[in-house]
Amino acid sequence: MPELTYKNKNAYDTMDAAEIENAQSYAADYMKFLDAAKTEREAVREAIRLAEARGFVPLAGQPRAGERVYKSLGGKALLLAVIGRQPLTNGLNIAGAHVDSPRLDLKQLPLYEDGEMAFFKTHYYGGIKKYQWVTLPLALHGIVVKADGSAVRVTIGENADEPVFFVSDLLPHLGRDQNKKTLGEAFTGEQLNILIGTAPAAKKPEAVSGDAAKSAGGEKDADRFKKAVLELLHAKYGITEEDFLSAELEAVPAGRAREAGLDRSLILAYGHDDRSCAYAALRAMLELEVPEKTAVCILADKEEVGSDGVTGMQSAAFEGFIAELAGGSTQLPAIFERSFCISADVCNAFDPNFPEVSEKNNSARLNHGIGVMKFTGSGGKSGSSDASAETVARLRRLFSENGVAWQMTELGKVDQGGGGTIAKYMANRNITTIDAGVPVISMHAPWEAAAKLDCYMTYKGMAALYGHRE
Ligand code: MN
Ligand code: MN
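Note that the structure is a prediction, hence the values are computed from the model and not measured.

Conventions used here
All residue numbers refer to positions counted from 1 along the written sequence of the respective chain. Working convention: letters from A go to chains and numbers from 1 go to ligands, in the order in which they are written. The predicted origin of the model limits local features to residues at a pLDDT of at least 70 and limits the giving and counting of side-chain atom pairs to 80 or more, whereas totals for whole chains, interfaces and linings rest on all residues. Hydrogens and water are ignored here; the side-chain numbers use all heavy atoms of the structure. Water is absent from the atoms considered, so a metal site may look incomplete; donors are defined as N, O and S atoms within 2.8 Å of the metal, or 3.2 Å for Na, K and Ca. Strands here mean DSSP runs of E at least two residues long; helices mean DSSP runs of H or I at least four residues long; both are numbered from the N terminus. The cut-offs for exposure are 20% and 50% of the maximum accessible area for each residue type, with area from a 1.4 Å probe on protein chains only; residues under the lower value are buried, those over the upper are exposed, and the others partly exposed. Whether two residues are in contact is decided by their heavy atoms: any pair within 4.5 Å suffices. What makes a patch is a set of residues exposed beyond 30% relative accessible area and free of salt bridges, joined within 9 Å when like-charged and within 5 Å when nonpolar (Val, Leu, Ile, Met, Phe, Trp, Tyr). Only the protein chains shown count as cover for residues, with accessible areas throughout obtained via the Shrake-Rupley method and a probe of 1.4 Å. Whenever a carboxyl oxygen of Asp or Glu lies within 4 Å of a side-chain nitrogen of Lys or Arg, that contact is scored as a salt bridge. Joining through side-chain atoms within 4.5 Å is the link that ties buried Ala, Val, Leu, Ile, Met, Phe, Trp, Tyr and Cys residues into a set, and such a set is a nonpolar core. One bridge is not enough; two strands pair if DSSP finds at least two bridges between them. For helices, the fitted axis covers only the stretch in contact; all axes are lines through C-alpha atoms, and the angles between them, taken along N-to-C directions, range from 0 to 180 degrees. Comment on the angle field: the value is read as roughly parallel under 35 degrees, roughly antiparallel over 145, roughly perpendicular from 65 to 115, and oblique elsewhere. By the definition used in this description, the sense in which the near helix is turned from the far one sets the handedness, with an anticlockwise turn below a right angle giving left-handed and a clockwise turn giving right-handed. Three residue categories are used. Nonpolar comprises Ala, Val, Leu, Ile, Met, Phe, Trp, Tyr, Cys and Pro, charged comprises Asp, Glu, Lys and Arg, and polar comprises the others, including Gly. Annotation comment: domain bounds sourced from an automatic or database domain assignment. Buried area adds together the accessible area that both of two parts lose upon being put together, with accessible area traced by a 1.4 Å probe. Working definition: a ring pair exists when centres of Phe, Tyr or Trp rings (six-membered ring for Trp) sit within 6.5 Å. Plane angles under 30 degrees give stacked, over 60 give edge-to-face, the rest tilted.

Peer 1: Any chance you could break down the coordination of the manganese ion (ligand 2) for me, citing the residues and the numbers?
Peer 2: Protein-derived ligands of the manganese ion (ligand 2) are Asp273 (OD), Glu304 (OE), Glu304 (OE) and His444 (NE2), with the metal-ligand distances lying across 2.0 to 2.6 Å. Donor residues for the manganese ion (ligand 2), ordered by position in the chain, follow D-x30-E-x139-H. Here the manganese ion (ligand 2) and the manganese ion (ligand 1) are spaced 3.4 Å apart, and both take Asp273 as a donor. Placement of the pair is Asp273 in helix α7 (residues 272-286) and His444 in the loop between β22 (439-441) and β23 (448-451), with a sequence separation of 171 residues. The same class applies to Asp273 and to His444, which are both buried.

Peer 1: Outline helix α8 (residues 317-326), listing residues and values.
Peer 2: When α8 is considered as a whole, its buried residues turn out to be Phe318, Phe321, Ile322, Ala323, Leu325 and Ala326. Summarising the contacts, the buried residues of α8 are in contact with β2 (68-73), β3 (77-82), β4 (93-98), β14 (295-300), α9 (332-337) and α11 (423-427). Of the residues trailing α8, Gly327 is marked for its positive phi of about 75°.

Peer 1: Give a description of the coordination of the manganese ion (ligand 1) that names residues and reports values.
Peer 2: Only His98 (NE2), Asp273 (OD), Asp345 (OD) and Asp345 (OD) from the protein reach the manganese ion (ligand 1) as donors, at distances of 2.1 to 2.6 Å. Sequence spacing of the donors to the manganese ion (ligand 1): H-x174-D-x71-D. Take His98: its relative accessible area is 1%, and that puts it in the buried class. Here Asp273 falls in the buried class, since its relative accessible area comes to 3%.

Peer 1: Give a detailed account of a nonpolar patch on the surface, specifying residues and quantitative values.
Peer 2: Judged by side-chain polarity, Leu170, Leu171 and Leu174 come together as a nonpolar surface patch covering roughly 280 Å² of accessible area. Following the sequence through the fold, Leu171 ends up in the loop between β9 (166-167) and α3 (176-179).

Peer 1: I'd love a proper account of the nonpolar core, names of residues and values included.
Peer 2: In this structure, Leu80, Met285, Ile342, Phe399, Met462 and Tyr466 are the most contacted members of the largest nonpolar core, which totals 67 residues. Formed by 33 residues, the second largest nonpolar core is a distinct cluster that contains Trp133, Val167, Val252 and Tyr270.

Peer 1: Describe the pairing of β4, naming the residues involved and giving the relevant values.
Peer 2: In terms of burial, β4 is largely enclosed, as 6 of its 6 residues are buried. Residues Asn93, Ala95 and Ala97 of β4 are buried on one face, and the alternating residues Ile94, Gly96 and His98, pointing to the opposite face, are buried as well. Bridge count between β4 and β14: 6 bridges; the pairing is parallel. From the neighbouring strand, Ala97 faces β14, where its bridge partner is Leu299. Two strands pair when backbone bridges link them, and β4 and strand β15 (residues 340-344) are joined in this way by 4 bridges, in the parallel orientation. Residue Gly96 lies in a different strand from β15, and its bridge partner there is Ser343.

Peer 1: I'd like a rundown of the packing of helix α1 (residues 17-36) against α7, residues and numbers included.
Peer 2: Running from amino to carboxyl end, α1 crosses α7 at an angle of 120°, the nearest separation of the two axes being 10 Å. When the interaxial angle is binned, α1 and α7 end up oblique. The two elements α1 and α7 cross, and the hand of that crossing is right-handed. Contact residues: Tyr26, Asp29, Tyr30, Phe33 and Leu34 in α1; His272, Arg275, Ser276, Tyr279, Ala280, Leu282 and Arg283 in α7. Classifying every residue of the contact of α1 with α7 by side-chain character gives 7 nonpolar, 2 polar and 3 charged.

Peer 1: Quick one: what's the story with the sheet that holds strand β12 (residues 258-260), residue by residue and with numbers?
Peer 2: Overall, mixed pairing links the 5 strands, which are arranged β12-β13-β23-β22-β16 in an open sheet. Strands at the two margins of the open sheet, each flanked by one partner only, are β12 and β16 (347-348). Sheet contacts for α1: β12 and β13 (266-269); angle to β13, the most-contacted strand, approximately 5°. Across the sheet, helix α12 (residues 452-466) is in contact with β12, β13, β22 and β23; its angle to β23 comes to roughly 70°.

Peer 1: Tell me about the pairing of β15, and name the residues and values.
Peer 2: Of all 5 residues in β15, 5 are buried; the element is thus mostly enclosed. Going residue by residue along β15, you find Phe340, Ile342 and Ala344 tucked away on one face and Cys341 and Ser343 tucked away on the opposite face as well.

Peer 1: Give me the domain arrangement of the protein: which residues, what numbers.
Peer 2: In terms of domains, the protein is made up of domain 1 (11-101 + 270-466) and domain 2 (103-253). Put simply, the middle of domain 1 and the middle of domain 2, counted by C-alpha atoms, are 36 Å apart. Every contact between the two is made by 19 residues of domain 1 and, on the other side, 16 residues of domain 2. Summed over both partners, the interface of domain 1 with domain 2 comes to about 1,500 Å²; 49% of that surface belongs to carbon and sulfur atoms. The tally of links from domain 1 across to domain 2 stands at 4 salt bridges. Taking the shortest distance from any N to any O, the salt bridge between Glu40 and Arg103 comes out at 3.3 Å. Here the residues of the side of domain 1 that touches domain 2 are counted per class, giving 5 nonpolar, 3 polar and 11 charged.

Peer 1: Which residues make up the packing of aromatic side chains, and what are the values?
Peer 2: The description of two aromatic rings rests on the distance between their centres and on the angle between their planes. Scanning all chains against the criterion turns up 10 aromatic pairs. Aromatic side chains Tyr26 and Tyr279 sit 5.5 Å apart centroid to centroid with 45° between the ring planes, which places their arrangement in the tilted category. Note that Tyr26 is positioned in helix α1 and Tyr279 in helix α7, a separation of 253 residues in sequence. An identical accessibility class is assigned to Tyr26 and Tyr279; each is buried.

The structure is reproduced here in structure tokens:
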């Protein structure tokens, strides 16, 4: 008689001590990746550095079996592959994660002064709860591309000797009106202005006295607080205000990934969504020997804003990459039809502080392993590719045969809300696709929490996928 009831187990009860130790050392490496990769560009740069150390080379012409190749999409997304023994028309094993995370982007003309203070205006990126982004230390990461095409990399606020930045909030003493507003109304996007400086530029010396000269002197001293910031930026980076027009500067929570909990079982960090899966997919690929089927790792950009654009998963860049692996595009339909993709993205972990949004039987638990989502979407699974029963069964087989702790989950109660991943864009290519990833607490908050065991099990799941022969 088989076990008639199904009960998902806590991985602490199923993993032996040696494997828990493996998870600890994996988590330490993942935390280093998090610190080196706080933006999509940094994630791509760090991934290339790690990949080149493991023998990956830029894709240039059709590679042969056993070759390890990558292609950077403008430094903001990355595609990697290890060519398998079998022809590509037998299908690919694909892990698709994303490396962009919610944040505050600087506007194209961000700098202004008000009340003898200088600020940067921002336009938030991705789904944020705006109230979470005030009064915490922010760091600036990004790139300024000058008109001549030369680029200046900017990182300020991560080292202890560097300044940080912040968005202010109202003191509670004067918060009577603010407290009456809803969470969504209390902070507007146009209020998320980053304080950047309060010391003015030096006054211009006055040549002559008299009323006329005084008013001319006043003209000269306009924008002194803004000018002081421009002088500092020019001294350090050689940039002018106009250069902001062609910059991508991102304000992210300042500081490193930290172990959390007295038992250190969790990691509190910015950007678990989706670097916990991106690192898992990357790490498994770096360690992969020659597989049967060609293995592909996607580190996509733009997932948080709909996967549009040349670096998002709707881009034809993916077809271009696979066509180059195949030595032409005519076989793409056949390759895609036989391929298998895990859309490696985080899911929400059950939070006892907010039980009302989850249905307990179908919610991921921390420490129960990689969370599998048959569907995402909202309003009756709308906007989801909804993996078939056959696809779920295939994943059950794959994970159980490879000792991967896993659990089934869904994105909250019916009609509670919803969301999506890159899964549907892969599935729309006629690639069999299913969502699976690390369960996260406080997803999209400046500091998100994930369990070390779940991060490790996601990595094991990706390794199993790349070695898949079915
Ligand atoms: Mn995600
Ligand atoms: Mn997200």
